[in-house]
Amino acid sequence: MNKENWTNPTVLTDIANRFKTPLYVYDECRIRENYRTFYRAFKNRYHGIKVLYAYKANTNLAICKILQNEGAGADVVSPGELKTALHVGVKPEDIIFTNNSKGQDELKTAVDAGAVINIDSIDELKLLGDILTELGKNSRISFRINPEIDPKTHPKISTGMRNSKFGIHIEKDIAFNAYKTAKGMGNIKIAGIHTHIGSQIMDTGVFAETAERIMEFVLRLKNELGIELEFVDLGGGLGIPYHGESAPSPEDMARVVVPVIQKWTKKIDYEPQLWLEPGRCIVGNAGILLCRVQGVKKTPSKNFVNVDAGFNTLLRPAMYDAYHKVNVIGKENEEQSERYDIAGNVCESGDILAGDRMLPEVREGDIIAIFDVGAYGFSMSSQYNSRPRPAEILIRERSVEIIRERETIDDIFAGQRIPDDLKLR
Ligand SMILES: Cc1ncc(COP(=O)(O)O)c(C=O)c1O
């Protein structure tokens, strides 16, 4: 199988018939290519580059392993993702553990693993200090900075605005004092600085603006606290075209970000590594969701195509009003004569996977392909409505492989208990 034909209607029909629907289908070749394109765009311009794949985008073990093979580190946000990264062979020093609310056990797991801990508040720094003292261990840390920049994307995925819950603000010297405090803690090794302003960002200018703000602060750390950092991590966020619109490439991003870093390395008089955490632009366009039409309902106001997937399978349309291109497999060349809403099977009115689409006439049994679901597709899926999660398939160069079995009702029952006395009634 090569990269040209993984979206071929015959291939997709065969796969849907063989593995049943709903089904996530990924292309290994596309994932590798996306990673290499991203890595090269930065590596060609700055020597100290580390790309840490953002696991939250898609944590399937096979996909994480492919990216580990390519040399990616890991941006993880939970002990589960941390263990996933270790499981597929990512070295602890190439893992950064980020989130805004880390509990004691989570911090202990990260300390034991030897990952970089990305601190999000002063309380968290104190908690980590106590844990390190108790364990008699040291830890490499960075601070997540809130640069107060509008990434001009959906509000629910804007993460570095003044009112966001993430990061430590530069204003009022909060971040400066955090570094100062950390510098005085014997069991803490300050390794870096981090920021992540949001996701699905289409204006590369905001990355340059972020880099400016962070590097200005890095200069202050050097001048006033004598701190030299191992890395500057600018997070992820590069958007992808869901509508076929023009979107910035990794080259476009690197072209505006790297010169800012280079300008400031002269001022700080050392060269920290540049870390980046792409998720969506690595796996987003490498995934398709296949679902089966169970019936078409024509109402006085709308035509609904009822499919066997819902927002439990793909949350993005319901959560972010996200647009995903859809096709009726095998009818690509037919006239788009009817207007439809693709309705999910979850019992909520908001469960529309694609609204207001002109498509060829759809019939029961047709297969609908929903495109660009490789990122934040399966990873945000759930068992809502007691529906087992779908299977995942990987199209490889010479084979098609199942990389996650379809769940069963027993998987939904697993771990649940009915108290004994209730069983008697
Ligand atoms: C801290 C962090 N890094 C990286 C990412 C990846 O972002 P994206 O998938 O937009 O590249 C995210 C996702 O929101 C994130 O929260």
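The preceding data block contains the structure.
What counts and what doesn't
Residues numbered from 1 in each chain as written. Predicted model: local features only at pLDDT ≥ 70, side-chain atom pairs only at ≥ 80, totals over all residues. Heavy atoms only, no water. Disulfide = S-S within 2.5 Å. Axes fitted to C-alpha atoms, helices over the stretch in contact; angles between N-to-C directions. Helix = DSSP H or I, 4+ residues; strand = E, 2+ residues; numbered from the N terminus. Parallel < 35°, antiparallel > 145°, perpendicular 65-115°, else oblique. Left-handed = near helix turned anticlockwise from the far one by under 90°. Contact = heavy atoms within 4.5 Å. Nonpolar A, V, L, I, M, F, W, Y, C, P; charged D, E, K, R; others polar. Salt bridge = Lys/Arg side-chain N within 4 Å of Asp/Glu carboxyl O. Buried < 20%, exposed > 50% of the residue type's maximum accessible area, 1.4 Å probe, protein only. Lys, Arg positive; Asp, Glu negative; His and termini not counted. Polar contact = N/O pair within 3.5 Å; in protein donor to acceptor, adjacent residues only side chain to side chain. Arc of directions from axis to C-beta.

Here's the deal with the state of the cysteines
- As enumerated under the stated definition, the model contains zero disulfides in all.
- Left without a disulfide partner, Cys347 is nearest to the cysteine sulfur of Cys291, which lies 17 Å away.

What to know about the packing of helix α2 (residues 28–43) against helix α3 (residues 61–70)
- Contact pair α2 / α3: the axes reach a minimum separation of 10 Å and the direction vectors enclose 40°. Comparing the axis directions of α2 and α3 gives the class oblique. Considering the relative orientation of α2 and α3, their crossing is right-handed. Mapping the contact onto sequence places Glu28, Ile31, Arg32, Tyr35 and Arg36 in α2 and Ile63, Ile66, Leu67, Asn69 and Glu70 in α3.
- Counted by class, the contact of α2 with α3 contains five nonpolar, one polar and four charged residues.

A few points about the pattern of salt bridges
- Counted according to the given criterion, the structure contains 30 salt bridges.
- Its salt-bridge partner being Glu70, residue Arg32 comes within 2.7 Å of it at the nearest N-O pair. Here Arg32 is found in helix α2, whereas its partner Glu70 is found in helix α3, with 38 residues between them in sequence. With respect to class, Arg32 is no different from Glu70; both count as buried.

Describing the environment of Gly355
- Position of Gly355 relative to the elements: it lies in strand β15 (residues 352–359).
- The exposure class of Gly355 is partly exposed, given its relative accessible area of 34%.
- For the pair Gly355 and Ile66, spaced 289 residues apart in the sequence, the C-alpha separation amounts to 34 Å.
- With near-sequence residues (within four places) excluded, Gly355 lies in contact with Tyr340 and Asp341.

Some points on the side chain of Asp120
- Tracing the chain through its elements places Asp120 in the loop between β5 (116–119) and α6 (122–135).
- In this structure, Asp120 is buried with no salt-bridge partner, the nearest side chain bearing the opposite charge being Arg144 at 4.4 Å.
- Look past the residues within four positions of Asp120 in its chain and what remains in contact with it is Asn99, Asn100, Lys102, Arg144, Lys165, Phe166, Gly167 and Ile168.

Quick word on the environment of Thr181
- Structurally, Thr181 is set in helix α7 (residues 174–183).
- For Thr181, a relative accessible area of 43% translates into the label partly exposed.
- Considering only alpha carbons, one finds Thr181 and Ile157, 24 residues apart in sequence, at a separation of 30 Å.
- A polar contact is formed between the side chain of Thr181 and the backbone oxygen of Asn177, at a distance of 2.7 Å.

A look at helix α1 (residues 9–19)
- For α1, the set of buried residues is Val11, Leu12, Ile15, Ala16 and Phe19. Buried residues of α1, viewed axially, fall in a sector of 130°; they line one side. Facing away from the buried surface of α1 by more than 90 degrees, the exposed residues are Thr10 and Arg18.
- Packing partners of the buried residues in α1 comprise β1 (23–27), β11 (287–298), β16 (367–371), β17 (391–395) and β18 (400–404).

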